[in-house]
Every structure is written in C-alpha cells, then in structure tokens.
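# An overview of the molecular structure
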4 protein chains.
Amino acid sequence: MTQTPHAALNAALHPSLHAALPSLESGLFGRLRRDAAGEWASYVQHRFVRGLGDGTLPLACFKRFLVQDYLYLLQYARACAMAVVKADTLDDMRAAAGTVSGLVLSELGLHLAYCRDWGLDEAALEATSPSLETLAYGGFIMDRANAGDLLDLTVALSACLAGYAEVGLTLLADPATRRDGNPYWSWIETYSGPVYTCLAEAGIVRLNALSERRGGGARYAMLLRDFRTTVRLEAGFWSGAMRDE
Amino acid sequence: MTQTPHAALNAALHPSLHAALPSLESGLFGRLRRDAAGEWASYVQHRFVRGLGDGTLPLACFKRFLVQDYLYLLQYARACAMAVVKADTLDDMRAAAGTVSGLVLSELGLHLAYCRDWGLDEAALEATSPSLETLAYGGFIMDRANAGDLLDLTVALSACLAGYAEVGLTLLADPATRRDGNPYWSWIETYSGPVYTCLAEAGIVRLNALSERRGGGARYAMLLRDFRTTVRLEAGFWSGAMRDE
Amino acid sequence: MTQTPHAALNAALHPSLHAALPSLESGLFGRLRRDAAGEWASYVQHRFVRGLGDGTLPLACFKRFLVQDYLYLLQYARACAMAVVKADTLDDMRAAAGTVSGLVLSELGLHLAYCRDWGLDEAALEATSPSLETLAYGGFIMDRANAGDLLDLTVALSACLAGYAEVGLTLLADPATRRDGNPYWSWIETYSGPVYTCLAEAGIVRLNALSERRGGGARYAMLLRDFRTTVRLEAGFWSGAMRDE
Amino acid sequence: MTQTPHAALNAALHPSLHAALPSLESGLFGRLRRDAAGEWASYVQHRFVRGLGDGTLPLACFKRFLVQDYLYLLQYARACAMAVVKADTLDDMRAAAGTVSGLVLSELGLHLAYCRDWGLDEAALEATSPSLETLAYGGFIMDRANAGDLLDLTVALSACLAGYAEVGLTLLADPATRRDGNPYWSWIETYSGPVYTCLAEAGIVRLNALSERRGGGARYAMLLRDFRTTVRLEAGFWSGAMRDE
C-alpha cells in the first residue's frame, strides 16, 4: 500500500514535536505545511537528514553543507534586517531587530566556532563561493523581502526556521538516531534543544498572528506558491551538499 | 446647521463625476474615500482648487505648484517602477510598465512643454529644490513602495491619481468655474478630459481588484492610516504652493 | 565686516570639539561639512540650539521636538537596518546590526523614558502624527537607503549622527551655556558625553573609510547634493518645532 | 603550447565583433571582460553555443532553454525597473524606462511568439517552475538591484546584455556555423542583428560612462567579484538546459 505524502508526514509526527512546537499544525503555517505536505516530507525526511540521524552521512557532505549554511545564514540575516524595515508595529520591529542582532552578533560567531571544530576556518569560508543552491535560496528570500510585505517575507523564512526545529526534534525522538559516536549529535542537540525550538515556536506564532493582520487568507494561493518554492529550495540545499557522493 | 465633512463630500458629487469615474465610490477605494471624508474634502475642495476654478489663484502660486508638481512627478514615476518589481501577475506587470513609460517618456515631456508655456524652462525646474511638501510626499510614497507590497503602494498612489480626476471633473461641472480668460482653463480641461479620467477610473478598478487578491479587508486599518496620510500630503502640497500669499 | 559662512563655522570650532571628534574635519565628511558650511552653520547654530544652551527655548517647543524626534528615530533605525542589507563586508554588517539593535532595543526605550520625564507617555507619542518635517526627513533617508548603495545611505545619516555631537560639544564648551536650572542640561550632557561622541566619531571614521572603497571622490557632486539636503532638513526639523512661537 | 584563457578569448575576437560592438573592449566593461577572461570564455564559447552554431544542439535542450529564458526575462525586466528607481539623472531614468517598456510591452510578446513557433504556448510557460539556475541568476540580479546602486545593478546586467551580442556576432562570423537547415539560425540572426547589437553597444557605453560618475575604479574589486558571479551564472544557465543530455 502506498502512502500519500500527507500520511507520510503525519506518520512522522511525534508527541515531542507537539510539545515543543505546539503551533506547528495551526494557523497559516499549519495550513501551508499541510498543503505542501509532499514537498515538506521531501525536505524534513531528506536522505541528508537520515544520514545525520544514524551518523552515516559522509563527513565531506556535512562540511560542504556547513560552509554553504554559513553563506546562507548571511542572506537570512539580511532578510531579517528587511523585516525591521517592513514592520508595521513597534513590537514587530523589536522582534526583527532582536533577530538581526542575535544572528549577526551571536549566531554567526557560534557558527564560525562550530565550523572551526570541523576544521573549517573563517578564511576557508570566505574563500568559498556560494553554490547554485545557496544563490537560488538566498536570492529568493531577498527577493520576497524586497518585492512583498512583511507577511510575504515571513512566509519565505518560515520553512527554514520551523523545518530545522522539526528535523531536530524528529531525529531526537527517532529510535534510529545514534547518539554515541555520531559526529552529528551536537548538531541534532542544537536544533532539538529548547533555545532553538522556542525561537521556532515564537516565529510560527508571530507568522500566524501577522497572517490575520495582513490578509493571509485572501492571499493564500500566492503565499502557498512561495512556500512551496522555499521548501523545494531547502530540500535542494541538502541534495546539493550530497552531490557526487 | 453645520455639515459633517461626509455630507460636504456628498454634496460635492455630481452626475458627471459618476459618469466618468463610476468606481469612485465602490470597493476599497470607495471605502477609503468615505472613511477619510474630512481629509478628502480638505484636499479636493482646497482653496487652491477653488482658485483654479474661478481663475483667482495668483499666478505665482500656480507657477510654484507647477515646478513642485514636476519634481513630484519624478517620484511618482519611480514609485510606479516599483510596481513593476512588486507585481504578482503578468497583467499587473504590464500595466505598471505601461504607466512608467507613459509617465517618463511622454508625460514628463508634456509637463515640461506646459511649464515652458508658463515661462518655466527645464533649467529653471532642475535648479529648484524640492519643497518640504514635495520631499514629504515623494518620500512617503517611495517608502510605501519599498516597505509594503503592491497593495500598500497602489493605495499610496491612489489619492493623487483619483483626486486630480475628481478635482478636474468637479471644476468642469461647477457653475462657479470660469472658462473664458481663466489662465487655468487648460489645466482643468486636462484633468477632466477623457484621457486622464479613463486612466483614473482604470486605476481605481485595478486597486479594487488588487485589494480582493491581497487581503485589503483584513488590512484595512493600516491602509486607511496610509491613505489619510497621503490625502493630507496632497492638501499640504497645495497649501505649500500658496504660502506667503 | 561680514563673515563668510565658512569663517562662521570655523569660529565655532573649539579644542574640545577636536578632542572628542578628531575626524570631524577630515576625509569625505570633513569635505562635505566644509562645502556645505552655510547650511551646516544654519543647522548647528540654529536658534533652537542657542535656546537649549541658555535655557530660553520654550518648553512647548522642546516637547514638540521630543515627540517628532522619537518618530524620526524610528525611521533612522529602519535606515540602519538597510545598512545591514547593503553591507559589502562582514565588518560593516556587524557594525550596522549593532546600531540597529542599539537603537531599537535600547535607545528607543531610553528615549521613551526621557519623554516620560517630560510628561509625554508612549500613548501620546503613538497618537501624534509625524510632522511635515519628520515625513520629509524620514522619507529622504529611507529613499537614499533604497535607491543608493551603502555610501549614499551613510552620507544621508551622517548629518544627524555627527551634527548632534557637534551641537552637544559646542554647547558644553560655550560660556553662554547655563547649567544650573537649565531644563535642557541633561540633553546637552547626553550629546556631549563620551558614549554619544564616541559613536559619532566612529561613524565618521567608518564613513570616510567607506568613501575610499566606494569611490566617494568620483561621486562627490551627488553626495554633496544629498548631504546639503539632509543638513537643510535638520535645520528645518528644529524650525518646525519652533513654529508659532 | 597551452593557451591562457585571455589568449583563447582574444583568438575568438573577429573584425565584425569590433565593428558592431566597438566599446566591447574599452572602459569598465572591457576591463571586467578581460579580468574575467576565463569565465567569459566558458560562457560565450559554451558547448551550448557551439551546438547552436552547427545546429547539433538537441531540440529538447533548446526548448528547455527557451522556457527558462522567458522566466529569466521577467526577472531582468524587474531589475531594469529598479534602474528607473536608482537613476540619478533624467537621462538615465529615461533610458531605463525605455528598456522596461521595451522588455515588458514588446520583447515579452516576441519571446512568447517565438516560443509558440517552437510549440511552447503561454500556458506551458506559466506552468513551468523556474529552474535552480534561473532562480539563482534572477535572484542575484534582483539582489544587486536592491543592495547596490545603479552601477552595481548595471554591472550585474551587463554579462547578459553584451554576452548575447558577442555570441550572436561570433556565430555569424564563424565558418563552422550552419545556416541552411539550422533550426537555431533565426535565434543567431536575432542576436547578431543590428537591433540587438545596437542595444548592447549602447548599454556598454552607458555602463562605462556611469562607472566614471559613480567611482567604478575605486570599487573595481567588488564589481569584478559580482561580474564573475553573473558570468558563471550565464554559463550555468546553458549547462542547466543541457542537463541529462
């Protein structure tokens, strides 16, 4: 019996996912995630993800991912800076400013430190060109940041923000995940940990509230089209890191 | 008995206005115009407008207006170029591209020719700094063009587009309007004529359709706030031209 | 003997100004300040500034200024967020992100607290519409932020950043400045104090370095035109607060 | 004897190229083309180009290219609309507005008609998702359009504008090019024809003049970095159309 993508997606849900991300299935984000269930499953259940869980992902793939993830993070931070510009309320402006400073002044440094642990120094990162996948994804979120309003932008960023939490929590709960001797265990801990999952949950709550204020229902068809694109770009990002392996 | 602004606005309506701008009172634009009735009346029934109608506006005021209107037109054209960038559909993209080329390649030239008739050559226009009113209004529409989506932008441009048609048509129908010997008669003819009023009607229809697709109802409070600002800036634009008279 | 504006500007210089802002007269910023000496003097030696110094500025003017300054600060913070987007180097990106978080997460709160000391609560600030001067100035810096590159943007922000430090330090050194019983003394202390003047000096140094990298010399005519506009808008901002007094 | 990329590039030059594009080797553009000679050769001498010339390119590759080229053209037109916004002079504004209307109101229609000749109707084009290559390239030029000034933007567009003319003219002059029975002959005629080559030459002249006014020399390192990226994206665009063949 073949499973529909939607069923496959539901099958992957786990109580710990509901506990840490209670809004994952509600509001605009829940609707987008359901309606792009096939693409979403291809992203959060990607071969790359399974390789992180059981530790079988080739180290070279992970290093390639880390470098491109760093270059993508720079674009993500720029897109968040656009959210400061596009905010309609002081509260949204403060949230966006907090995200920008968190990313640029703290997260980038942590990312660089983590890369160093993997033998990748800042010079190596700077010397690497963005891959086609990174250019496409970074270019797409910046274009939504420029062409649309805060809702278009926040939807474009949501696949990354929420998806990494879902991946982290799913791997944490998965009996197939190896902890001892898994070189990717600290990565899984980061994205399943309370700091990251709280950020992700807060981001989903904020997106759902913004959708109410900015007519998400009436604009749904276009938001879904953009969401699908970002989810495909996420999956492609991982495929890109595994190319030639 | 005092009239409410809304009553004052209705009193000003005229069958010829309905005939040339059938959508003026419908859809999102109709709602914005009604809910900002006080500001709208201060704009379309401004002392400057009455002075155009009966020909009593001092010539120096009109010349000052013409120069600043030219500088504003440049900003308006730039905002329309942003509409090409922000369009979601090929049809909207084509409409915006047509407006940009119409404004930059044709309208600017007509405006310059009209200014020359008033003794203002291009060098004089270039040498004049934008007034505070022009900077404020031009800056505001460009900011909406950058911070919002196509609906925010189109609302910000609508007060100018529709208001000038309403002014032109109202003056045309007003028995107080002088035709013979009125130095402003050709201006009134332009804005009450079929070319301009068709553009204005098409713009209102486009705005109302866009509002359906981009959640105008849910976003109404913020759209009204921006619309009020642009209407006040329009009235201020005319007040600025009459300063010191 | 009449003084040229440039002489008037030099006459205002003071050793304490050189000590706290050693780069004020060097590089691109020094050249802009010299070449716009007339406008600059009208700004930093404005009647409003003298009224702050000797305490004779009507309280109502200052309160009006405080409210508009708060609304302007929101635009300034948005423009700084654009600097995160436009940065070419990680170092510039970090500096801009630090400024955004400093402004939005800390400075706005301090500003609100200071306003409360003057009897202006947040609700009053939110309820006030931006004045024509605030719309014009905020709109102009956001437009430079969108239309230009990081150098255009940084020039547009420099008149505010450096000018307030010059005003603060000049007032601090001016024997005509009253300290005891001057309601504006704490304002003068803030803008002549080490925290603010260090920020201003660092901003000038950064602008001058950026000018080297982004062809400031070749682009000087246009940068000067924009700089003059912002300096005039600064002076107008103070005039606006004194209207009807 | 191994040829340097530069020598390879020079070897490809032909008198007809000089005649139709006299500015190809001068000014900022000439310098960029020389300094990115390796990437440039990989682009203009791509296997796809040779396949156009001798008619051996599989039809399926060309159709895939046509569809993606249409989707890219939409992004190119949006980037040109940003040039209207970013223009410093009325002349640049007019040139950009002319390009936008030429692209959106005329070129898109011609492209659609040409696609129909190849059995690709508008519905098929609309239904196709942009490839990774198209997203990456379109996203990159839009990002330069937003983050930089008019010079950054014009450099980002120059590889496409000038490169297609060089390709067309080189194929026209190449004895290996087949005319009779070559299904790509009309494509070659278009890009080697006087209409397109005049546009390309005018674009190079405009870029070189803009570089003088906006400090292209001082900014050269960053302009070259962006130019290299666009040239690589051009080559990748053709490789993408040939994938799996």
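In this text, all values refer to a predicted model and were calculated from it rather than measured experimentally.

## Things to note about the overall build of chain A
Looking only at helices and strands, one finds 13 helices and zero strands in chain A. For chain A, the α and β elements follow one another from N to C terminus as α-α-α-α-α-α-α-α-α-α-α-α-α. Expected size for 245 residues packed as a compact globule is a radius of gyration near 18 Å; at 17 Å, chain A falls within 12% of this value. Along the first, second and third principal axes, the C-alpha atoms of chain A reach 50 × 45 × 30 Å. A separation threshold of at least 6 residues defines the contact pool for chain A, and within that pool the share at least 24 residues apart is 83%.

## Section: the interface of chain A and chain C
Each partner contributes residues to the interface: chain A has 13 residues there, and chain C has 13 residues. For the side of chain A that touches chain C, the leading source of residues is helix α7 (residues 90-117) of chain A, giving eight residues. For the side of chain A that touches chain C, a count of residues per class yields nine nonpolar, two polar and two charged.

## Quick look at the interface of chain C and chain B
With 11 residues of chain C at the contact, the number on the chain B side is 11 residues. By residue class, the composition of the side of chain C that touches chain B is five nonpolar, four polar and two charged.

## Some points on the relation of the copies chain C and chain B
One copy of the chain maps onto the second through a rotation about an axis and a displacement along it. Taken as rigid bodies, chain C and chain B are interconverted by a rotation of 180 degrees and an axial shift of 0.0 Å, the fit giving an RMSD of 0.0 Å. Such a turn and shift between the copies fits a two-fold axis. Mapped onto chain B, 100% of the interface residues of chain C again fall at the interface, so both copies present the same surface.

## As for the relation of the copies chain A and chain C
Rotating chain A by 180 degrees and translating it 0.0 Å along the rotation axis places it on chain C, where the RMSD comes to 0.0 Å. Take the interface residues of chain A: 100% of them recur as interface residues in chain C, which is what a same-surface contact looks like.

## Concerning the confidence of the model for chain A
Any region with low pLDDT has predicted coordinates that should not be read closely. In the predicted model, chain A carries a mean pLDDT of 93, and the fraction of residues at 70 or more is 94%. Throughout residues 1-7 of chain A the model reports pLDDT below 50, and contacts reaching past four residues in sequence, or to other chains, amount to six contacts.

## Some remarks on the nonpolar core
Grouped together as the largest cluster of nonpolar side chains are 301 residues, with contacts concentrated most on Val100 of chain A, Val100 of chain B, Val84 and Val100 of chain C together with Val100 of chain D. Setting aside anything within four residues of it in sequence, one finds Val100 of chain D in contact with Val84, Ala97, Val100 and Ser101 of chain B together with Ala77, Cys80, Ala81 and Val84 of chain D.

## Points about the packing of helix α10 (residues 150-173) of chain C against helix α13 (residues 220-242) of chain C
All names here are of chain C. In contact at an axis separation of 9 Å, α10 and α13 are set at 35 degrees when each is read in the N-to-C sense. When you trace α10 past α13, the crossing you get is right-handed. Counting all contacts with α10, which are made through Asp152, Val155, Ala156, Ala159, Cys160 and Gly163, the residues of α13 involved are Leu223, Asp226, Phe227, Thr230, Val231 and Glu234. Among the residues forming the contact of α10 with α13, the class breakdown is seven nonpolar, two polar and three charged.

## Quick look at the environment of Arg47 of chain A
Along the chain, the position of Arg47 of chain A falls in helix α5 (residues 47-54). It is 9.5 Å that separates the C-alpha atoms of Arg47 of chain A and Ala235 of chain A, two residues lying 188 residues apart in sequence.

## Concerning the packing of helix α6 (residues 59-86) of chain B against helix α10 (residues 150-173) of chain B
All names here are of chain B. Two elements in contact, α6 and α10, have axes separated by 10 Å at closest approach and are oriented at 150 degrees. Comparing their axes, α10 and α6 come out roughly antiparallel. Judged by the twist between their axes, the crossing of α6 over α10 is left-handed. On α10, the residues touching Tyr76, Ala79, Met82, Ala83 and Lys86 of α6 are Leu150, Leu153, Leu157 and Cys160. Looking at the contact of α6 with α10, its residues break down into eight nonpolar, no polar and one charged.

## Looking at the environment of Asp88 of chain D
Tracing the sequence through the fold places Asp88 of chain D in the loop between α6 (59-86) and α7 (90-117). Owing to 20 C-beta atoms within 10 Å, Asp88 of chain D belongs among the buried residues under this scheme. Excluding residues that lie within four positions of it along the chain, Asp88 of chain D makes contacts with Met222 of chain C together with Leu150 of chain D.

## A word on helix α10 (residues 150-173) of chain A
All names here are of chain A. Look at α10: 34 Å from first C-alpha to last across 24 residues, which is about the 34 Å you get at 1.5 Å a residue. Considering bend angle alone, the principal kink of α10 is centred on Leu157 and spans about 40 degrees. Where burial is concerned, most of α10 is hidden: 23 out of the 24 residues are buried.

Conventions adopted
- Residues numbered from 1 in each chain as written.
- Chains lettered and ligands numbered in written order.
- Predicted model: local features only at pLDDT ≥ 70, side-chain atom pairs only at ≥ 80, totals over all residues.
- Helix = DSSP H or I, 4+ residues; strand = E, 2+ residues; numbered from the N terminus.
- Rg over C-alpha atoms; globule rule 2.2 N^0.38 Å.
- Contact = placed C-beta atoms within 7 Å.
- Nonpolar A, V, L, I, M, F, W, Y, C, P; charged D, E, K, R; others polar.
- Least-squares fit on C-alpha atoms with pLDDT ≥ 70 in both.
- pLDDT = per-residue confidence, 0-100.
- Core = buried A, V, L, I, M, F, W, Y, C linked by C-beta atoms within 7 Å.
- Buried ≥ 20, exposed ≤ 12 C-beta atoms within 10 Å, placed from the backbone.
- Axes fitted to C-alpha atoms, helices over the stretch in contact; angles between N-to-C directions.
- Left-handed = near helix turned anticlockwise from the far one by under 90°.
- Parallel < 35°, antiparallel > 145°, perpendicular 65-115°, else oblique.
- Expected span 1.5 Å × (residues − 1).
- Bend = angle between axes of the 7 residues up to and from the residue.

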